[in-house]
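Summary of structural features
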Amino acid sequence: MRQDHLITATQLSRDDIEAVLDRAREVADDPDAYADRHAGRVLALCFFEPSTRTRMSFDSAAKRLGIDTIDMGDVDSSSVSKGESLTDTVRVIEGYADALVLRHPSEGAATLAAEHVSVPVVNAGDGAGQHPSQTLLDLHTIRENHGLDDLTIGIMGDLKYGRTVHSLAAALTEFDVNQHFISPESLRLPRSVRFDLHETGAQIREHEELDPVLEELDVLYVTRIQKERFPDENEYHRVAGEYRIDAETLEAASDDLTVMHPLPRVDEIAPDVDETDHATYFEQAHNGVPVRMALLDTLLENAEAAEGMEVGR
Amino acid sequence: MSEHELRVSKIRDGTVIDHVEGGQALNVLAILGIDGSEGFGVSVGMNVPSDRLGRKDIVKVEERELSQSEVDVLSLIAPEATINIVRDFEVVEKNRVTRPDSVTGVLSCPNRNCITNADEPVDTRFDVVADGVRCDYCSTILRADIADHIDV
Ligand SMILES: [Zn+2]
């Protein structure tokens, strides 16, 4: 991967993705070989929106590479609540760290941040925009279970606001994948995501029900439908209920079906699915660490190479 | 001199925007930020018969020449437009508009949750795509409703 930042999944080529995933595989096979690779480096965790697992996953990945982490803490107690702009915040934090991980409630926040700093920026979620590091770990999980070509995947739930969905769908266009999107009418893919998919000539189909396509799927990627997306609670319960799966739902599926979820789940995947061979979401979550190690390793390596070039010039 | 040319050259000094797609004349005025309160002469022809467009609109503005960013945005809603600069009743310059690759600082993003609508020191930037423009920050695509988001 020859990138300075990781902002959206659309920036990633097939080669970029495979390079990171190959490295993630190496990391997983021999973590000790990576243990002190970036000792003395500092990673800043800038979460303008609450997150536990993404933050912890980056924290763990960094520490396993010998990187120290600094955390700006909760937004309530930081200078952000005193009205400081994101632009100023990242300009200041840039001086404290060798790379930034940023989560922010506004779409485009990571793009803006990357324009103002020279250290690598990783977008760990920008509003309903993108979440590309999640996509890398999703792809790693799919690859380890099925490979990434000649694949049929169903992505179900909140496709409109789901940033993990937007990133995953874009990245899958780099591979030979049929994508089925299953959601209520009101939560279909946004126009901008559909535009990118059509631009690449990707094979995509949209459905309101899972049943007709379940049988064909190699992977079912489930996301949460949030209550806040509906004007009233009854409507939410009615709609969300139709996109819940349990062990019985999956009886119609292929034996090899892999069920994924970016987690946390609420009740869209019933606990009885955990007992089936389909359940892959915990493995998926665990993959966050080796994949983020591979990503940080790659970005820091690229930054060092760029620095070396400047010095030599 | 044909009737058409007469119409076009009726102003002394200013700009005639011709071959505007029928129905877009008021949007052209919106892009130029003209509402009549400026005091200079403005005339608008709507649904004028045209060989090229069938029906076209014409906007004539006295004592005003257009900036590049105005022309850029104009090209998005009136891709066939011609811009005639008039001095002393003569058309001294006649240009077709060309679609720019991007427009900066002119449009506001319709996505309220876009970082460009937060309190940040940032100019909006839109890429020009096949049938509209697209926010460089949040990827939102703006099509027919471009004129509603002009922020000059
Ligand atoms: Zn935007």
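What counts, and at which threshold
- Residues numbered from 1 in each chain as written.
- Chains lettered and ligands numbered in written order.
- Predicted model: local features only at pLDDT ≥ 70, side-chain atom pairs only at ≥ 80, totals over all residues.
- Heavy atoms only, no water.
- Pairing = 2+ DSSP bridges.
- Helix = DSSP H or I, 4+ residues; strand = E, 2+ residues; numbered from the N terminus.
- Axes fitted to C-alpha atoms, helices over the stretch in contact; angles between N-to-C directions.
- Contact = heavy atoms within 4.5 Å.
- UniProt positions renumbered as here; feature names shortened; annotations may be inferred.
- Buried < 20%, exposed > 50% of the residue type's maximum accessible area, 1.4 Å probe, protein only.
- Polar contact = N/O pair within 3.5 Å; in protein donor to acceptor, adjacent residues only side chain to side chain.
- Core = buried A, V, L, I, M, F, W, Y, C linked by side-chain atoms within 4.5 Å.
- Donors = N, O, S within 2.8 Å, 3.2 Å for Na, K, Ca; no water.
- Tetrahedral: all angles 85-135°; square planar, octahedral: opposite > 155°, others 65-115°.
- Phe/Tyr/Trp six-rings, centres within 6.5 Å; stacked < 30°, edge-to-face > 60°.
- Lys NZ or Arg CZ within 6 Å of the ring centre and 35° of its normal.

Turning our eyes to something else, we now look at the sheet that holds strand 3 (residues 99-104) of chain A. The strands that make up a sheet are held in pairs by hydrogen bonds between backbone atoms, and each pair lies either parallel or antiparallel. Residue and element names in this part refer to chain A. With respect to topology, four strands assemble into an open sheet ordered 2-1-3-4, the strand pairing being parallel. The sheet is open, and its two borders are formed by strand 2 (68-71) and strand 4 (121-126), each paired with just one other strand. For this sheet the average axis-to-axis angle between neighbouring strands, irrespective of direction, equals 15 degrees. Strand direction decides the pairing type here: strand 3 and strand 4, joined by four bridges, are parallel. Bridging from a neighbouring strand, L100 pairs with V121 of strand 4. Lying over the sheet, helix 3 (residues 86-94) contacts strand 1 (42-47) and strand 3, oriented at roughly 155 degrees with respect to strand 3.

Here we take up the UniProt feature "binding site: Zn(2+)" (unreviewed entry) in chain B. All names here are of chain B. Those residues carrying the UniProt feature "binding site: Zn(2+)" (unreviewed entry) are C109, C114, C135 and C138 in this numbering. Across 30 residues, the annotated set stays spatially compact, with a maximum C-alpha separation of 9.0 Å. Overall, the relative accessible area of 5% leaves C109 in the buried class. Beyond its immediate sequence surroundings of up to four residues, C109 is in contact with C114, T116, N117, T124, F126, C135, C138 and T140. We classify C135 as buried; its relative accessible area is 3%. Residues contacting C135, with those up to four places away along its chain left out, are C109, C114, R125, F126 and T140.

Residue and element names in this part refer to chain A. One can find T69 in strand 2. Judged by its relative accessible area of 19%, T69 is buried. Here D59 takes part through its side chain, which lies 2.6 Å from a polar atom of the side chain of T69. Excluding residues that lie within four positions of it along the chain, T69 makes contacts with L43, L45, D59, A62 and K63.

Moving on to the pairing of strand 1 of chain A. Residues and elements named next belong to chain A. The element strand 1 is extensively covered by neighbouring structure, given that five of its six residues are classed as buried. Where strand 1 and strand 3 come together, five bridges link them in parallel fashion. Following the sheet pairing, A44 is matched in strand 3 by L100.

Across soluble globular proteins, you tend to see nonpolar side chains buried next to one another. With 58 residues, the main nonpolar core has L100 of chain A together with I17 of chain B as its most contacted residues. The residues touching I17 of chain B, leaving out its near neighbours within four places in the chain, are V28, L32, D57, I58, V59, L66, L74, A81 and T82 of chain B. Counting residues in each nonpolar core, the second largest holds 55 residues, with I142, L189, M260 and L296 of chain A among its members.

Residue and element names in this part refer to chain B. Coordination of the zinc ion by the protein comes from C109 (SG), C114 (SG), C135 (SG) and C138 (SG), over a distance range of 2.3 Å. Coordination geometry of the zinc ion: the four donor atoms subtend angles of 99 to 118 degrees at the metal centre, consistent with an arrangement described as tetrahedral. Judged by its relative accessible area of 11%, C138 falls in the buried class.

Right, let's talk about the packing of aromatic side chains for a bit. All names here are of chain A. The final tally for this structure, using the stated rule, is two aromatic pairs over all chains. Ring plane angle 55 degrees and centroid distance 6.0 Å describe the contact between F230 and Y236, whose orientation is recorded as tilted. Each member of the pair, F230 together with Y236, is buried. Between Y281 and F282, the aromatic rings sit 5.3 Å apart at their centres with planes inclined by 65 degrees, giving edge-to-face as the arrangement. Judged by relative accessible area, Y281 falls into the buried class, the value being 0%. Here F282 falls in the partly exposed class, since its relative accessible area comes to 42%. For R229, the ring lying beneath its charged end belongs to Y161, and the centroid distance is 3.9 Å. In this arrangement the basic side chain of R292 is found over the ring face of F58, its NZ or CZ atom lying 4.6 Å from the centre.

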